[in-house]
Amino acid sequence: MLEPSADFSRSRSSEMNTSPSSPSARAPKACTILLRGASKDVLMEVERNLQDAMNVARNVIMDPHLVPGGGAVEAALAHKLNEKSKAILGVGQWPYRALADALKIIPKTLMQNCGVNTIRTMTTLTAKHATEGNTWGVDGETGKIVDMNDFGVWDTFQVKAQVMKTAIETAILLLRIDDIVSGVKKQSDIDAEKMAGKFQSQNPEAPAED
């Protein structure tokens, strides 16, 4: 990082009419951050990490609500949805179970990244949420099930809620598109059958081929 020269510092101070002891210098409204990296790729990665950290700080200031991390929120919601599905008879319970299975992908992915037994660890996590509370999640380094209150990993509520809203809206959009495509396919089958029937009516005595 380059240090400014004394002449430059004096010229800037005289130009802005500020001194290090002035209130504006002690509480600046803007600042410049210099990043250095061994290569362009490293520098771009550092910039992305800094941008993510600043966005997290902004989200916490705008909406100061936190939720447990490590897949704890997804596991808790999946448990509640499964419990809700048990009280519904018929096919109405399957959307709840499908959403619960989709939410479990987050803690399962953390377990897979740590190299632990996914089925056994997921069973342990589900049991923890059923008996000991909804703050249990996955340690992203060891794959163990830990209480996020003690472990100290938290996510911003604003980002978590937006991610789930976007995922559900995307699924609904895909289902609607699938319905439209299915409807077009069915209509084409109907048109083909009509054409086949019209051809048969026009040629009732057509000789059959051997």
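A. Representation of the overall build of the protein in the model. Broken down by element type, the protein carries nine helices and four strands. Within the span of the protein, comprising 210 residues, buried residues form 19% of the whole. Carbon and sulfur atoms make up 60% of the accessible area of the protein, which amounts to about 16100 Å² in all.

B. Geometry of the pattern of salt bridges. With the rule as written, the count across this model stands at five salt bridges. Residue Glu45 is joined to Arg48 by a salt bridge in which the shortest nitrogen-to-oxygen separation is 2.5 Å. Separated by three residues within a single helix, Glu45 and Arg48 lie in helix H3 (residues 40-62), roughly one turn from each other. Note on Arg48: relative accessible area 42%, which makes it partly exposed. One salt bridge in this structure joins Asp155 and Lys160, with 3.2 Å as the shortest N-O distance.

C. Seen up close, the nonpolar core. By size, the foremost hydrophobic cluster in this structure holds seven residues: Ala75, Met111, Met122, Leu125, Trp136, Val138 and Ile145. Among all residues touching Met122, those that are not within four sequence positions of it are Lys104, Pro107, Lys108 and Met111.

D. Spatial organisation of a nonpolar patch on the surface. A cluster of nonpolar residues, Ile33, Leu35, Val42, Leu43, Val46 and Met54, forms a patch on the protein surface that exposes about 450 Å² of accessible area. Relative to the elements of secondary structure, Leu35 occurs in the loop between helix H2 (23-26) and H3. A relative accessible area of 33% places Leu35 in the partly exposed class.

E. Spatial organisation of the layout of surface pockets. Space inside the second largest pocket adds up to approximately 440 Å³. Taken together, 17 residues form the lining of the second largest pocket, with Leu99, Ala102, Leu103, Ala167 and Ile168 sitting closest to its centre. Contributions of two or more residues to the lining of the second largest pocket are made by helix H4 (72-86), helix H5 (94-103), helix H6 (105-114) and helix H9 (157-202). In terms of residue count, the dominant contributor to the lining of the second largest pocket is H9 (seven residues). Classifying every residue of the lining of the second largest pocket gives 15 nonpolar, no polar and two charged.

F. A look at the environment of Leu43. With respect to the element layout, Leu43 can be found in helix H3. Residues within four places of Leu43 in sequence aside, it is in contact with Leu35, Arg36 and Gly37.

G. Representation of the packing of aromatic side chains within the structure. Here the structure, examined in full by the defined rule, presents zero aromatic pairs. Across from the ring centre of Trp94, 5.0 Å away, lies the NZ or CZ of Arg97, which sits over that ring.

H. Molecular detail of the side chain of Asp147. Mapped onto the elements, Asp147 comes out in strand E3 (residues 145-147). Of the side chains with opposite charge, Lys128 lies nearest to the buried Asp147, which makes no salt bridge, at 8.8 Å. Within the structure, the side chain of Asp147 is placed 2.6 Å from the side chain of Thr135, a separation counted as a polar contact. Those residues within four positions of Asp147 in sequence are excluded, and the remaining contacts are Thr135 and Trp136.

I. Quick peek at empty space enclosed by the protein. Counted by the stated rule, this structure contains one cavity of 30 Å³ or more. As a volume, the largest cavity reaches approximately 40 Å³. Taken together, Ala75, Ala78, His79, Asn82, Lys104, Met122 and Thr126 form the lining of the largest cavity. Taken together, the elements giving at least two residues each to the lining of the largest cavity come down to H4 and helix H7 (118-131). Here the lining of the largest cavity takes four residues from H4, the largest share from any one element. Residues belonging to the lining of the largest cavity are distributed by class as follows: three nonpolar, three polar and one charged.

Thresholds, definitions, all that
Residues numbered from 1 in each chain as written. Predicted model: local features only at pLDDT ≥ 70, side-chain atom pairs only at ≥ 80, totals over all residues. Heavy atoms only, no water. Helix = DSSP H or I, 4+ residues; strand = E, 2+ residues; numbered from the N terminus. Buried < 20%, exposed > 50% of the residue type's maximum accessible area, 1.4 Å probe, protein only. Areas by Shrake-Rupley, 256 points an atom, 1.4 Å probe, with all protein chains shown as cover. Salt bridge = Lys/Arg side-chain N within 4 Å of Asp/Glu carboxyl O. Core = buried A, V, L, I, M, F, W, Y, C linked by side-chain atoms within 4.5 Å. Contact = heavy atoms within 4.5 Å. Patch = residues over 30% accessible without salt bridge, like charges linked within 9 Å, V, L, I, M, F, W, Y side chains within 5 Å. 1 Å grid on protein atoms, 1.4 Å probe; cavity = no way out; pocket = protein on both sides within 12 Å on 5 of 7 lines; lining within 4 Å. Points joined across faces, edges and corners; volume = space filled by probe spheres on them. Nonpolar A, V, L, I, M, F, W, Y, C, P; charged D, E, K, R; others polar. Phe/Tyr/Trp six-rings, centres within 6.5 Å; stacked < 30°, edge-to-face > 60°. Lys NZ or Arg CZ within 6 Å of the ring centre and 35° of its normal. Lys, Arg positive; Asp, Glu negative; His and termini not counted. Polar contact = N/O pair within 3.5 Å; in protein donor to acceptor, adjacent residues only side chain to side chain.

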